[in-house]
Amino acid sequence: MASEEESTVKEPLDLIRLSLDERIYVKLRSDRELRGKLHAYDQHLNMILGDVEEIITSVEIDDETYEEIVRTTRRTVPFLFVRGDGVILVSPPLRTA
Amino acid sequence: MSTGGGGEKVGGGGSGSAKTPSDFLKSIRGRPVVVKLNSGVDYRGILACLDGYMNIAMEQTEEYVNGQLKNKYGDAFIRGNNVLYISTSKRTIADGG
């Protein structure tokens, strides 16, 4: 049915579907990042991730020297449900050489 | 209860080529854009697609924090609630850095 509307246009969520069962990188609020295997997701971007590494970044400022101390905390979780409202960005993993 | 934001057509009483927001969203696919998030982070890339919730899929995305390039993503999906604005830009990919 050739209509003037673009009914076959893909939505961003359709493209996330291509990442199912792949490892992905997720940026969350509160300076958190996740790297894990995407098992499931929905329109809210609730996600189920497997073999996940979470990285929490915090920046402290030294009272005397005023230098920024960037700290990262890591933990691994075998299976994780992520609530979608905390998600900022989803991407295939960053390829750091 | 699903109200896709940006899908409403306000009576076109603008100046010149009066476009509704949804017309704008349809017209900018494939163009280089700047996406600013509520957190102040900037993403520049080529817009692959987007939907009425302002969920965004981009290619060749660069992340700028405080004006500094922080990350590059081959593909990026951004959850719409974080988006402050989407702006077209005359970004040349061969920008010297």
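Refer to the structure printed above.
Residues numbered from 1 in each chain as written. Chains lettered and ligands numbered in written order. Predicted model: local features only at pLDDT ≥ 70, side-chain atom pairs only at ≥ 80, totals over all residues. Heavy atoms only, no water.

S.K.: Explanation requested: the interface of chain B and chain A in the structure shown.
M.R.: How big an interface is tends to be reported as the loss of accessible area on association of its parts. Listed as interface residues are 21 residues of chain B and, on the opposing side, 20 residues of chain A. Taking both sides of the interface into account, the surface hidden between chain B and chain A amounts to around 1700 Å²; carbon and sulfur atoms contribute 59%. When the area that chain B buries against chain A is broken down by residue, the three leading residues are Tyr-73, Phe-77 and Arg-79 of chain B, summing to 41%. Scanning the region where chain B abuts chain A turns up zero salt bridges. Across the contact surface, chain B and chain A share seven residue pairs in polar contact (both at pLDDT 80 or more). Looking at the side of chain B that touches chain A, the elements with two or more residues in it are strand E2 (42–50), strand E3 (56–65) and strand E4 (68–78) of chain B. (Contact = heavy atoms within 4.5 Å. Buried area = accessible area lost by both parts, 1.4 Å probe. Salt bridge = Lys/Arg side-chain N within 4 Å of Asp/Glu carboxyl O. Polar contact = N/O pair within 3.5 Å; in protein donor to acceptor, adjacent residues only side chain to side chain. Helix = DSSP H or I, 4+ residues; strand = E, 2+ residues; numbered from the N terminus.)

S.K.: What am I meant to see in the nonpolar core here?
M.R.: Nonpolar side chains in soluble globular proteins tend to end up buried together. Ranked by size, the top nonpolar core spans 20 residues in total, and within it Val-26, Leu-34, Met-47, Leu-49, Val-82, Val-87 and Val-90 of chain A carry the most contacts. Apart from residues no more than four positions distant in its own chain, Val-82 of chain A is found in contact with Leu-28, Leu-34, Leu-45, Asn-46, Met-47, Leu-49 and Val-87 of chain A. The next biggest cluster of nonpolar side chains, apart from the first, holds 19 residues, and it includes Ile-88 of chain A together with Ile-28, Leu-37 and Leu-47 of chain B. (Core = buried A, V, L, I, M, F, W, Y, C linked by side-chain atoms within 4.5 Å. Buried < 20%, exposed > 50% of the residue type's maximum accessible area, 1.4 Å probe, protein only.)

S.K.: Looking at this structure, how should I read the pattern of salt bridges?
M.R.: A side chain with one charge can pair with a side chain of the opposite charge if their charged atoms come near. What the rule picks out here adds up to seven salt bridges over all chains. One network of salt bridges, in which partners are shared, links Arg-32, Glu-54 and Arg-75 of chain A.

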